[in-house]
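Residues per chain, in single letters:
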Amino acid sequence: MQRVRLLVFNAALGVLDYRVPEGMTIEFGSIVVAPLGPRQVLGVVWEPERLNTQEVPESKLRPLLGVMPAPPLSERLRRLIEWTADYYCAPLSSVARMALGSISALRGGGTTTEYRLTGVEPARLTPQRAAALDALQGEQGSIRELAELASVSDGVLRGMVGAGLLEAVTVDLDRPYPPARPEFAEPQLNDIQQHAADIFVEAVKDKKFAPFLLDGVTGSGKTECYFEAVAEAIRMERQVLVLLPEIALTENFLRRFEHRFGVPPVLWHSSLKSSERRRAWRAVSLGAAKVIVGARSALFLPYANLGLIVVDEAHEISFKQDDGVRYNARDVAVMRAKFEGIPIVLASATPALESMQLAEAGVYRKIDLPSRFGGATLPAINILDLREEAPERGRWIAPKLVEAMKDRLAKGEQSLLFLNRRGYAPLTLCRNCGYRFQCPNCTAWLVEHRFSKRLACHHCGHETPVPEACPDCGTGDCLVACGPGVERIADEVAEILPEARTALVTSDTMNTPAAIGEFVAMAENKAIDVIIGTQLVTKGYHFPDLTLVGVVDADLGLEGGDLRAGERTYQQIAQVAGRAGRGEKPGEVLIQTRHPEAAVIAALANGDRDAFYAAETEARRDAGAPPFGRWAAIIVSSEDQAEALSAARAIGGTAPNLPDMLVLGPAPAPLSLLRGRHRFRLLINARRSAELQKTLREWLDPLEFPRGVRVNIDIDPYSFV
Ligand code: ADP
Ligand code: ZN
């Protein structure tokens, strides 16, 4: 190759041509450094016929500067990157960048310096040093990472190095991961589990694209089954990717994996330390890391030799990324399996309607685990009609649920209360003048957090201390909290059951692996009587003595008219219900609602999953919603409202008039102000047959907007705000 076309990691630059200097060997997929004016850019060598750009005459080509010492991105991965960019109408370079993960990892192995406590504890310490000593117990990392962990300046830590409190450690970036051992602790599967496991194992041996939907009730042992396929892939020296919807679930998963395979898997997520990131990326790209567990960003890593993908809790909406490249990791995972020619297992107790439909159509092979492992039964589900059995004034837990909790406490069993709302109260107002606290940057109320004594916006992170007096009328001591969040429920539990030991599980309290680990250990050792949590507690946990689940407000998710509101509510409640009665003692679920007649609630109460899917399927069919029709959203935003509106109108005014596509809007988005940007939205509803992406590109590409305007396309949107 003498002349190359690069996909440059910069969306504004896109594609650039270069000359290959004498003596440099490159191939398609090589990651190279190229000159750009006085600067340097990174790029991937791509097949020139697949990228459009202006031809540059030979004489004007500048030579490449070097090749990074990393394996070239495989053709399979390059095709996946193209597919993703094309399908989600995203810049190719933004998708490709997700394959890199870490720029520094490209530079190759070597060593780096990290720091850790020496154990020396001087008699006298400044308060900052004392705080750092506390925060850094058992930690190791760069000065920057440790400073962040301890919330002190770099200078404080450097001073501590000088004083002998911290010591430098040389870390080998390429030190190998201990290998997982497929024979370490093989489980005794029951017949149904064995049957499922055999099918997955065969598929791994087959090395062909094979998508599976593993549909197993909560506690049926889905993990045990797909672990057998993982074991087979390890025996074949191939790699496995396990995608989890949230980092919070990895802690639990790590422990189960270690139990089965003797060592933890390799982790990949956004909050890895930089040295761990480099190490993991290199081991993945060289094929040395065998089992990688991660959040959605692990999907685009350059696996050398992938043999199996598992997407656990595959119905979870957090697989959909809602900023940057707006892709659905579950769907792209299936495409990756296709390009790699390998099996993929989508595991869930409450599969997404789209996945069910694909199974029904014969695209996915459906494998069922219809009963719980070890004779445990599914919990009894009862409705608590709040219109008839109202909680006491100022309370949120109805008497029957209170009684049930008291009963469990007396028996030494555990209860779980689920409310998917962080903080103390979703709205705060002034009793005197009615003033409501609103976010200055978003169309949203500020949520009171008593824990941190602040009012916070859950959309942009804006925070302010709770004031003494109303900022509008100046009256003191007049603020009222409206409605419950989990913190308020925790307060109520403390009043009802003062002797109970409680745990509050939300992203505010469980924000480190250590905190999650501690919670799990305490719950398992029965040091917790009542767990109060958001959706964070609905999945993955297995506490045998948890026998009661109370759903504080089943109607919450049904508000707002979201396309998937019914499905999401069903999934969330079925999942949290699935935490009850997983051991020998049977479980009970009490669902508080004002709408017992709603299809979702009735289906949950009757344990009639098929009826729910059937009703939901019909509703979607009527609405032309996925999987029967398709949706796309165009979000137009600007800090200037008039500018955003005029851009949105310009888009609306040039909308194509096609028989298989309906364009709605522009209208103000439900969250019409978000992070200081005014937002307008157009919704497109298309038939399955429509060439949605092509139409969108031809429609939007020629339009030009002022610099301050952002136009985002969201294909198959999950968020309708
Ligand atoms: P699911 O993911 O389907 O909810 P899990 O995989 O979490 O179910 O399994 C539920 C519990 O049952 C776990 O504690 C798991 O270890 C246990 N279990 C399932 N199958 C077996 C088996 N064959 N042998 C031993 N324990 C099992
Ligand atoms: Zn805000």
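Structure first, text after, so check above.
Here's what I pulled together on the structure shown here. (Residues numbered from 1 in each chain as written. Chains lettered and ligands numbered in written order. Predicted model: local features only at pLDDT ≥ 70, side-chain atom pairs only at ≥ 80, totals over all residues. Heavy atoms only, no water.)

Let's shift gears to the site of ligand 1. Taken together, 15 residues are adjacent to ligand 1, and Gln188, Gln193, Gly219, Lys222 and Arg256 come closest. Here a nitrogen atom of ligand 1 sits 2.9 Å away from a polar atom, N or O, in the side chain of Gln193. (Near = heavy atom within 4 Å. Polar contact = N/O pair within 3.5 Å; in protein donor to acceptor, adjacent residues only side chain to side chain.)

Spatially, β2-β1-β4-β3-β5 is the arrangement adopted by the five strands of the open sheet, whose pairing is antiparallel. The open sheet has two edge strands, β2 (15-19) and β5 (66-67), and neither has a second partner. (Pairing = 2+ DSSP bridges. Helix = DSSP H or I, 4+ residues; strand = E, 2+ residues; numbered from the N terminus.)

This next bit is on the coordination of the zinc ion (ligand 2). For the zinc ion (ligand 2), the protein coordination sphere consists of Cys439 (SG), Cys442 (SG), Cys457 (SG) and Cys460 (SG), at 2.3 to 2.4 Å. Because the angles between the four donor atoms bound to the zinc ion (ligand 2) fall within 103 to 116°, the donor set is best described as tetrahedral. Residue classification places Cys439 among the buried residues on the basis of a relative accessible area of 4%. (Donors = N, O, S within 2.8 Å, 3.2 Å for Na, K, Ca; no water. Tetrahedral: all angles 85-135°; square planar, octahedral: opposite > 155°, others 65-115°. Buried < 20%, exposed > 50% of the residue type's maximum accessible area, 1.4 Å probe, protein only.)

Negative phi characterises most residues that are not glycine, and trans characterises most peptide bonds. Backbone torsion omega between Pro626 and Pro627 reads 5°, so that peptide bond is classified as cis. Cis geometry marks the peptide bond from Gly665 to Pro666; its omega dihedral reads 10°. Inspection of the secondary structure assignment puts Pro666 in strand β27 (residues 661-674). One non-glycine residue with positive phi stands out, namely Asp477, at about 55°.

Covered by surrounding structure in strand β11 (residues 291-294) are Val291 and Val293 together with Ile292 and Gly294, the residues of both alternating faces. Direction of pairing for strand β9 (residues 239-243) relative to β11: parallel, over a ladder of four bridges. Bridging from a neighbouring strand, Leu241 pairs with Ile292 of β11. Sheet topology note: the strand β10 (residues 266-268)/β11 ladder contains three bridges and is parallel. Bridging from a neighbouring strand, Val266 pairs with Ile292 of β11. For the crossover from β10 across helix α9 (residues 274-286) to β11, the handedness is right-handed. (Right-handed = clockwise from strand over helix to strand, strands pointing away.)

With that settled, consider the side chain of Ser285. Assignment of secondary structure puts Ser285 in helix α9. For Ser285, a relative accessible area of 6% translates into the label buried. A polar contact is formed between the side chain of Ser285 and the backbone oxygen of Arg282, at a distance of 3.0 Å. Sequence-distant contacts of Ser285, that is, excluding residues within four places in its chain, are made with Pro71, Pro302 and Ala304. (Contact = heavy atoms within 4.5 Å.)

Secondary-structure assignment places Arg238 in the loop between α7 (222-235) and β9. In this structure the side chain of Arg238 is engaged in a polar contact, spanning 3.3 Å, whose partner is the side chain of Asn305. Contacts of Arg238, omitting those with residues within four sequence positions, involve Lys207, Ala233, Lys290, Asn305, Leu306, Gly307 and Ile342.

What follows concerns the pattern of salt bridges. Under the defined criterion, the tally for this structure stands at 56 salt bridges. The closest approach of N and O atoms between Glu55 and Arg3, which form a salt bridge, is 3.3 Å. Of this pair, Glu55 sits in the loop between β4 (39-46) and β5 while Arg3 sits in strand β1 (residues 3-8), and the two are 52 residues apart along the sequence. Among the residues examined, Glu55 registers a relative accessible area of 56% and is labelled exposed. Since its relative accessible area comes to 25%, Arg3 is described here as partly exposed. When the shortest N-O distance is used, the salt bridge between Arg50 and Glu82 registers 2.8 Å. You can see Arg50 sitting in the loop between β4 and β5 and its partner Glu82 sitting in helix α1 (residues 75-87), a full 32 residues away along the chain. Taking the relative accessible area as the measure of exposure, Arg50 reaches 43% and is therefore partly exposed. (Salt bridge = Lys/Arg side-chain N within 4 Å of Asp/Glu carboxyl O.)

Before going further, it helps to examine the nonpolar core. In terms of nonpolar packing, the biggest core is built from 123 residues, with Phe519 and Leu696 touching the most fellow members. What Phe519 contacts, discounting residues up to four positions off in sequence, is Ala503, Val505, Met510, Ile528, Ile531, Tyr541 and Phe543. One finds Val242, Leu249, Val310 and Leu369 within the second-largest nonpolar core, a separate group that totals 33 residues. (Core = buried A, V, L, I, M, F, W, Y, C linked by side-chain atoms within 4.5 Å.)

As a further point, take helix α14 (residues 513-524). For α14, spanning twelve residues, the distance from its first C-alpha to its last is 16 Å, which sits close to the expected 16 Å at 1.5 Å a residue. Among the residues making up α14, those that are buried are Ala515, Ile516, Phe519, Val520 and Ala523. Seen along its axis, α14 keeps its buried residues to an arc of 130°; they face one direction. Opposite the packed face of α14, turned more than 90 degrees from it, sit the exposed residues Pro513, Ala514 and Glu518. Buried residues along α14 sit against α8 (250-261), β16 (414-418), β22 (502-505) and β23 (530-533). Two residues or fewer past α14, Lys526 is found with a positive phi of approximately 60°. (Expected span 1.5 Å × (residues − 1). Arc of directions from axis to C-beta.)

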